[in-house]
Amino acid sequence: MKEFALIFFLIATIIQLCSSALAIESICPGGDNPDPNVIWCDDFDDATPLSQKYFEYDDHRGTFVRTPGVGLNGSYGMQVFWKKGQVSAGGFKRTFGRNPVSSQSHSTTDFREIYWRQYLRMQSGWTGSPDKLSRAMILATPNWAQAMIAHLWSGHDMDYLVIDPATGIRNGRLVTTHYNDFSNLTWLGLRSGVTPIFNASSSGTWFCIEAHVKLNTSGRSDGVFELWIDKNLAASRDDLNFVDTWHDYGINAIFFENYWNAGAPGERIRYFDNIVISTRRIGCIG
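Model, not experiment: these values are computed from the prediction. (Residues numbered from 1 in each chain as written. Predicted model: local features only at pLDDT ≥ 70, side-chain atom pairs only at ≥ 80, totals over all residues. Heavy atoms only, no water.)

Moving on, we get to the layout of surface pockets. Each pocket or cavity is described by its volume, and for the largest pocket that value is around 270 Å³. In terms of lining, the largest pocket is formed by 16 residues, of which the most central are Cys28, Pro29, Trp40, Cys41 and Asp42. At the level of secondary structure, the elements contributing two or more residues to the lining of the largest pocket comprise strand S1 (38-42) and strand S18 (268-278). Looking at the lining of the largest pocket element by element, the count peaks at five residues for S1. (1 Å grid on protein atoms, 1.4 Å probe; cavity = no way out; pocket = protein on both sides within 12 Å on 5 of 7 lines; lining within 4 Å. Points joined across faces, edges and corners; volume = space filled by probe spheres on them. Helix = DSSP H or I, 4+ residues; strand = E, 2+ residues; numbered from the N terminus.)

Here is the structure:
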């Protein structure tokens, strides 16, 4: 009888752990306490094709795919794989609010303030620093000219994430004419984080990464860009002139990207999970 009781206990424990791993986060639609400020959630546990969830999904020939067991608490997550010398390893783009390209939130809101969060883990033994991670922006024309971009990425060979804001507005007018029109962007000054997430000593560890962008008051330099890692403020600016007096659109897209400018130094794997986009601070799970 004791053996049967032990087996029953083990089975119940396994079921509970599996249910916990696959449970919808409480603040998300379908969760225990859904937050009306949440615009988008994705824990990758449902089997809906990513091409239906995102405005654009690039798996880059199978190097960025939904994978069982690699997510937070052993759930489904996104696995990113670079071969040696590979630059792009895919990504996905989520649009929302009033948008000249495509809005997936069925909202006509011009968002002046946005928070986003994702969990990130590098494989055990990881070394190196891929440049791109995510960025919030204003898509201002049908051909993707950007009025502002809040880049969250890393510098070349840096162990840290940085916040790197840029504007496509000059004297109240949109001057960018197409996507990634870097020659017409004005860079507003980066700030480095303080947590060495890309250092070998941090490999195999999940990091809760949160960012916050708030557009400036018309004509003033009071825009905000903040980064937290594991609830700790890592970098911030509160003196930014993102859009001057321009107000045609609000923040309406976040791109999640896997891009290594100089090419990966060898085979590298990292993982995404539990993405949330909201109009107020999200926080970390637990």
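In this section: the pairing of strand S7 (residues 132-139). With respect to burial, S7 is a largely interior element, eight of its eight residues being buried. Judged from the seven bridges that link them, S7 and strand S8 (residues 146-154) form a sheet pairing that is antiparallel. Within S8, the position partnered with Ser134 by the bridge is Leu152. Where S7 hands over to S8, the hairpin turn is made up of six residues, of which Trp144 adopts a positive phi near 75 degrees. (Buried < 20%, exposed > 50% of the residue type's maximum accessible area, 1.4 Å probe, protein only. Pairing = 2+ DSSP bridges.)

Following the sequence through the fold, Ser103 ends up in the loop between strand S5 (88-95) and strand S6 (113-122). Owing to a relative accessible area of 26%, Ser103 belongs among the partly exposed residues under this scheme. Taking C-alpha positions, Ser103 is 7.8 Å from Asn252, a pair spaced 149 residues apart along the chain. Ser103 has contacts with Thr95, Phe96 and Gly97, leaving out every residue within four places of it along the chain. (Contact = heavy atoms within 4.5 Å.)

A few words on the packing of aromatic side chains. Enumeration according to the criterion identifies 18 aromatic pairs in this entry. Aromatic pair Trp144 and Tyr179: ring centres 5.1 Å apart, planes at 85 degrees, arrangement edge-to-face. Of this pair, Trp144 sits in the loop between S7 and S8 while Tyr179 is found in the loop between strand S11 (173-174) and strand S12 (186-187), placing the two residues 35 residues apart along the sequence. Overall, the relative accessible area of 15% leaves Trp144 in the buried class. On the basis of relative accessibility, which here comes to 24%, the residue Tyr179 falls in the partly exposed class. (Phe/Tyr/Trp six-rings, centres within 6.5 Å; stacked < 30°, edge-to-face > 60°.)

On to the nonpolar core, then. Inside soluble globular proteins, nonpolar side chains tend to come together where they are buried. Ranked by size, the top nonpolar core spans 53 residues in total, and within it Trp116 and Ile209 carry the most contacts. Ignoring sequence-local partners within four residues, the contact set of Ile209 consists of Trp116, Arg117, Gln118, Leu120, Leu133, Leu152, Leu161, Ile197, Leu227, Trp228 and Ile229. (Core = buried A, V, L, I, M, F, W, Y, C linked by side-chain atoms within 4.5 Å.)

What follows covers the state of the cysteines. Considering all chains together, one arrives at two disulfides under this definition. The side chain of Cys28 participates in a disulfide bridge whose partner is Cys41; the two sulfur atoms lie 2.1 Å from each other. On the sign convention where negative is left-handed, the bridge of Cys28 and Cys41, at about -80 degrees about the S-S bond, is left-handed. One end of the pair, Cys28, is in the loop between helix H1 (2-22) and S1; the other, Cys41, is in strand S1, and 13 residues separate them in sequence. In terms of burial, Cys28 and Cys41 fall into one category: buried. Across a sulfur-sulfur distance of 2.2 Å, Cys208 and Cys284 are joined as a disulfide pair. Handedness here is read from the sign of the S-S torsion; for Cys208 and Cys284, about -95 degrees, the answer is left-handed. Placement of the pair is Cys208 in strand S14 (residues 206-214) and Cys284 in the segment after S18, with a sequence separation of 76 residues. As far as the burial class goes, Cys208 and Cys284 line up, both buried. (Disulfide = S-S within 2.5 Å.)

Honestly, that's just the spatial picture; any functional story needs more than this.
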